Amino acid sequence: ACGRLGGEGRRGGGSLPRSAPANVRVVGGAGREGAPTLRMAAGDSPSECHADPAGAVEVAAVTLDAWRRGSGARPPNFVKIDAEGSDAAVLRGGAATLARYRPCIHLSLHGERQRRECAELLAAWGYRVTSIDPEQSAETSSEWVAEPA
């Protein structure tokens with residue numbers, strides 16, 4: 001299925017090393033259907049931000065489903081989501097792609113409300129959720145792997 005993630009297998013920051021496979025893409029955006037831009041506000045540290053209508057920074061926004069329709073790209077077999085509190089919105093924005101192609105998902109969760117909403121969505125779509133950290137349960141972990149059941 002998805003295999004184990006972690007350690008050197010994890011990549012973040014919106015870029016990939018030169019050694020990354022040619023079929024891996026970082027796609028920026030956020031999970032709001034029909035919204036060409038999204039406003040972002042600063043978070044608790046200089047490296048954090050979150051969606052906020054009053055935010056000072058405007059970024060391009062695209063849902064996974066809209067990106068798939070518009071790009072003509074092959075369906076994903078793996079999706080990494082780290083959306084700083086918009087986690088469930090990103091999942092909802094990819095509902096058709098996730099239902100049809102059933103990719104594995106690495107989800108970074110931000111808060112208890114997001115954990116609840118994401119768990120409900122993924123369960124309804126037939127995904128099994130586990131913690132990326134074998135020492136933590138999915139109920140306490142902020143990093144999940146979701147695999148089609």
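Quick caveat: nothing in here was measured; it's all calculated off a predicted structure.

What follows is about the overall build of the protein chain. Counting secondary structure elements, the protein chain contains four helices and seven strands. N-terminal to C-terminal, the α/β element order of the protein chain is β-β-β-α-β-α-α-β-α-β-β. The burial tally for the protein chain puts 34% of its 149 residues in the buried class. Put simply, 56% of the contacts in the protein chain that link residues at least 6 apart link residues at least 24 apart. Total accessible area computed for the protein chain in this model is approximately 8,900 Å², and 50% of it derives from carbon and sulfur atoms.

Spatially, β2-β1-β3 is the arrangement adopted by the three strands of the open sheet, whose pairing is antiparallel. Looking at the sheet topology across the chains shown, the edges are occupied by β2 (49–51) and β3 (57–60). Strand-to-strand twist across the sheet, computed as the mean angle between neighbouring axes with direction ignored, equals 40°. Relative to β3, strand β1 (residues 37–42) runs antiparallel, the two sharing four bridges. Each residue of the ladder has a partner; that of Leu38, found in β3, is Val59.

Take the packing of aromatic side chains next. On inspection of all chains with the given rule, the structure shows zero aromatic pairs. In this structure, Arg102 is placed above the aromatic ring of Tyr127, and the distance from its NZ or CZ to the ring centre is 4.7 Å.

Mapping Thr63 onto the fold places it in the loop between β3 and α1 (64–71). A relative accessible area of 3% places Thr63 in the buried class.

Here the focus is the side chain of Asp87. Within the fold, Asp87 resides in helix α2 (residues 87–93). Despite being buried, Asp87 has no salt bridge partner; Arg113 is the closest side chain of opposite charge, sitting 7.9 Å away. Asp87 has contacts with Leu107, Ser108, Leu109, His110, Gln114 and Cys118, leaving out every residue within four places of it along the chain.

Attention now moves to the nonpolar core. Judged by nonpolar contacts, the single largest core of 18 residues is most densely connected at Ile81, Leu91, Ile105, Leu107, Cys118, Leu122 and Trp144. Elements with a minimum of two residues in this core: β4 (78–82), α2, β5 (104–108), α4 (112–124) and β7 (143–148). With sequence-adjacent residues up to four places away left out, Leu107 is seen in contact with Ile81, Asp87, Leu91, Cys118, Leu122, Ser142, Glu143 and Trp144.

Scanning all chains against the criterion turns up six salt bridges. A salt bridge links Asp82 to Lys80; the nearest nitrogen and oxygen atoms lie 4.0 Å apart. Asp82 gets classed as partly exposed once you look at its relative accessible area, which sits at 44%. Across the salt bridge formed by Arg92 and Glu117, the nearest N and O atoms sit 3.4 Å from each other. Of this pair, Arg92 sits in helix α2 while Glu117 sits in helix α4, placing them 25 residues apart in sequence. The class for Arg92 is partly exposed, based on a relative accessible area of 45%. Each of the salt bridges in this network shares a partner with another, and the network as a whole consists of Arg92, Arg113 and Glu117.

Within a sheet, each strand pairs with its neighbour through backbone hydrogen bonds, oriented either parallel or antiparallel. One open sheet accounts for four strands, arranged β4-β5-β7-β6; its pairing is mixed. The strands lining the two open edges of the sheet, one partner per strand, are β4 and β6 (127–131). The average undirected angle you get between the axes of adjacent strands in this sheet is 20°. Sheet topology note: the β6/β7 ladder contains five bridges and is antiparallel. Across the sheet, Tyr127 pairs through a bridge with Pro148, a residue of β7. Along the sheet, α4 contacts β5, β6 and β7; its crossing angle with β7, the most-contacted strand, is approximately 10°.

About the criteria used
Residues numbered from 1 in each chain as written. Predicted model: local features only at pLDDT ≥ 70, side-chain atom pairs only at ≥ 80, totals over all residues. Heavy atoms only, no water. Helix = DSSP H or I, 4+ residues; strand = E, 2+ residues; numbered from the N terminus. Buried < 20%, exposed > 50% of the residue type's maximum accessible area, 1.4 Å probe, protein only. Contact = heavy atoms within 4.5 Å. Areas by Shrake-Rupley, 256 points an atom, 1.4 Å probe, with all protein chains shown as cover. Pairing = 2+ DSSP bridges. Axes fitted to C-alpha atoms, helices over the stretch in contact; angles between N-to-C directions. Phe/Tyr/Trp six-rings, centres within 6.5 Å; stacked < 30°, edge-to-face > 60°. Lys NZ or Arg CZ within 6 Å of the ring centre and 35° of its normal. Lys, Arg positive; Asp, Glu negative; His and termini not counted. Salt bridge = Lys/Arg side-chain N within 4 Å of Asp/Glu carboxyl O. Core = buried A, V, L, I, M, F, W, Y, C linked by side-chain atoms within 4.5 Å.

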